[in-house]
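# Fold and contact review
Take a look at the letters that make up each chain.
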Amino acid sequence: MISNKMAAKINEQIKNELYSGHYYVSMAAYCASLDLQGFSNFFIIQEQEERFHAMKFFHYLYEQGHDVKLTGLDQPKTEFASLEEVFDLAWKHEQHVTSLINGLMDLAIEERDYATQNLLQWYIGEQVEEEATMSGLLKKIQQMGDRGAGIYMMDKELAARTFTPPAAE
Ligand code: FEO
């Protein structure tokens, strides 16, 4: 059984993960408005990743005998200046999520909550990948220029991205 304080923090993190998905759908919409369907697909798939992250916490809370309590999501940004800005913001957002996961780990260590520490190890590894994905794409976009020919090649590649639930990998 985990503490009520930890359960409240995990509830908050479920919202944060769902918000990440909401934010990425907004980025998907911007990419679609530029007719970059591959980039749009990238963010649509990213939303599925975020839902998976949220639901992993969801199931954990019930396993630990606590209820999930959802709250409303904030309005995401809907106007973007460029593809480069989108990926810069996505990268910064992932760095923010990493800090939230680290905050949960700090609490789990403070409370000597070993079960939650074990769960959070998975998220810590996942965040390394999430940050690397966003910063890698940002660097490519910066090298190619926002509307350069390489962008259309990237768009084709990103159109092929699919979601595989991590447990099934
Ligand atoms: Fe749930 Fe993109 O971190």
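A short tour of the structure in this document, coming up. (Residues numbered from 1 in each chain as written. Predicted model: local features only at pLDDT ≥ 70, side-chain atom pairs only at ≥ 80, totals over all residues. Heavy atoms only, no water.)

### So, helix H1 (residues 4–33)
Note the cut-off: Secondary structure elements follow DSSP: runs of H or I of four or more residues count as helices, runs of E of two or more count as strands, with numbering from the N terminus. Multiplying 1.5 Å by the residue count of a helix minus one yields the expected span of that helix.
Compared with the 44 Å implied by 1.5 Å per residue over 30 residues, the 44 Å span of H1 between its first and last C-alpha is a close match. Two residues or fewer after H1 comes Asp35, characterised by a positive phi angle close to 65°.

### Looking at helix H5 (residues 149–158)
The periodicity of an α-helix, 3.6 residues per turn, causes residues three or four positions apart to be oriented the same way. Definition in use: Only protein chains enter the calculation, and the probe is 1.4 Å; a residue is then buried if its accessible area is under 20% of its type maximum, exposed if over 50%, and partly exposed in between. Taking the helix axis as origin, the arc is that swept by the directions to the C-beta atoms. Contacts were defined at the residue level, with two residues in contact if any of their heavy atoms lie within 4.5 Å.
Inspection of H5 places Gly150, Ile151, Met154, Asp155 and Leu158 among the buried residues, and these make up the whole buried set. Looking down the long axis of H5, one finds its buried residues gathered within 150° of arc, a one-sided arrangement. Away from its buried face, by an angle of more than 90 degrees, H5 presents the exposed residues Ala149, Met153 and Lys156. Elements that come into contact with the buried residues of H5 comprise helix H2 (37–63), helix H3 (83–110) and helix H4 (114–144).

### Let's talk about the packing of H2 against H5
Packed helix pairs are specified by the crossing angle of their axes together with the interaxial distance, meaning the distance between the axes. The cut-off we apply is this: Axes, fitted as lines to C-alpha atoms, cover a helix only where it is in contact. Angles between the N-to-C directions of the axes lie from 0 to 180 degrees. Roughly parallel here means an angle under 35 degrees, roughly antiparallel means over 145, roughly perpendicular means 65 to 115, and every remaining angle is called oblique. Throughout, a crossing is termed right-handed when the near helix is turned clockwise from the far one, and left-handed when it is turned anticlockwise from it by less than a right angle. By the convention adopted, Pro, Cys, Tyr, Trp, Phe, Met, Ile, Leu, Val and Ala count as nonpolar, Lys, Arg, Asp and Glu as charged, and the other residues, Gly among them, as polar.
Contact pair H2 / H5: the axes reach a minimum separation of 7 Å and the direction vectors enclose 45°. Of the possible angle classes, the one that applies to H2 and H5 is oblique. Between H2 and H5 lies a crossing of left-handed hand. Packed against H2, whose contacting residues are Gln37, Gly38, Phe39, Asn41 and Phe42, the element H5 presents Ile151, Met154, Asp155 and Leu158 at the interface. Within the contact of H2 with H5, the residues separate by chemical class into five nonpolar, three polar and one charged.

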